[in-house]
Amino acid sequence: MLEKTDDLNLREEYVGAMRNVANSVTVVTTNGPAGRFGATVSSFCSVSADPPTVLACLNLEGQTAHAIRSNGNFCVNVLPETETETAKLFAGMLEIAESDRFNKHVWIEENNNAPWLEGITAFSCSVAEVIEATSHLIFIGKVNTVMQGNKRPLLYLDQKFCKTEH
C-alpha cells in the first residue's frame, strides 16, 4: 500500500497541478444486499477493451465504496453537461437525504444490478478486483453492459463543473 506524503509542499504542488487536468464527471452507483448508493466520481477511466474493463476510484470511507465491495457490482454513469445538479446531488453538495438522491431521475435497474440513468453513456460492471491506495479504493470492473448516449460530457476542471466547447 502507498504511504501518505509528509511533504506539504509536494502535496500543494500536486493539488495545484491536478486543477489543470480535466476529468469527465460520473455518478458511480451500486445496488444489492448492502443497499442502493451512488457517489459523484471524477476518477474513472478505461483499462482495456479486451475484455472491456474500467476502473473507478472512491473514497474508502464512503458508504458507496463499502456497498460496492459488498454488492459486487457498480455502474459508471457519465453525466452529460446538463447534469451539474445531479453531480452536486451525489457529491453531497445539496441538502437531501441519501435515500432521496435517486428520486430526482428515471433510473434503469435490471436483475438487482447497479442503476443507470436513462439516455446517457453508462458502463454496468461486476467487481473484478479492489485495490486499496491510501484514502481510496480502486474498483476494477468487468463491463457487462454498455449504454451509449450521445450527449457531451460534464467536465470538472479547476474545482468547477464545466461544459465542453467545440
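Coordinates for the structure precede this section.
The following refers to the structure shown.

Conventions we followed
- Residues numbered from 1 in each chain as written.
- Predicted model: local features only at pLDDT ≥ 70, side-chain atom pairs only at ≥ 80, totals over all residues.
- Heavy atoms only, no water.
- Core = buried A, V, L, I, M, F, W, Y, C linked by side-chain atoms within 4.5 Å.
- Buried < 20%, exposed > 50% of the residue type's maximum accessible area, 1.4 Å probe, protein only.
- Helix = DSSP H or I, 4+ residues; strand = E, 2+ residues; numbered from the N terminus.
- Contact = heavy atoms within 4.5 Å.
- 1 Å grid on protein atoms, 1.4 Å probe; cavity = no way out; pocket = protein on both sides within 12 Å on 5 of 7 lines; lining within 4 Å.
- Points joined across faces, edges and corners; volume = space filled by probe spheres on them.
- Nonpolar A, V, L, I, M, F, W, Y, C, P; charged D, E, K, R; others polar.
- Arc of directions from axis to C-beta.

A few points about the nonpolar core
- By size, the foremost hydrophobic cluster in this structure holds 18 residues, and its most contacted members are V28, L58, F74, V76, F123 and F139.
- For this core, the secondary-structure elements that each account for two or more residues are strand 3 (37-41), strand 5 (52-59), helix 2 (63-71), strand 6 (73-78), strand 9 (122-133) and strand 10 (136-147).
- Aside from chain neighbours lying at most four places away, what touches V76 is T26, V27, V28, F44, A56, T121, A122 and F123.
- Formed by eleven residues, the second largest nonpolar core is a distinct cluster that contains L89, F90, F102 and L117.

What to know about the layout of surface pockets
- The space that makes up the largest pocket amounts to roughly 1,500 Å³.
- Y14, S42, S43, S135 and H136 are the residues nearest the centre of the largest pocket, which is lined by 40 residues in total.
- Taken together, the elements giving at least two residues each to the lining of the largest pocket come down to helix 1 (8-18), strand 3, strand 5, helix 2 and strand 11 (155-157).
- Ranked by residues supplied to the lining of the largest pocket, first place goes to helix 1 with five residues.
- When its residues are assigned to classes, the lining of the largest pocket shows 18 nonpolar, 15 polar and seven charged.

Focus on helix 2
- Within helix 2 the residues assigned to the buried category are T64, A65, A67, I68 and N71. Burial along helix 2 is one-sided: seen end-on, the buried residues are contained in an arc of 165 degrees.
- Turning to helix 2, the residues buried within the fold contact strand 2 (26-30), strand 3, strand 5, strand 6, strand 9 and strand 10.
- Immediately beyond the C-terminal end of helix 2, within one or two residues, lies G72, with a positive phi of roughly 75 degrees.

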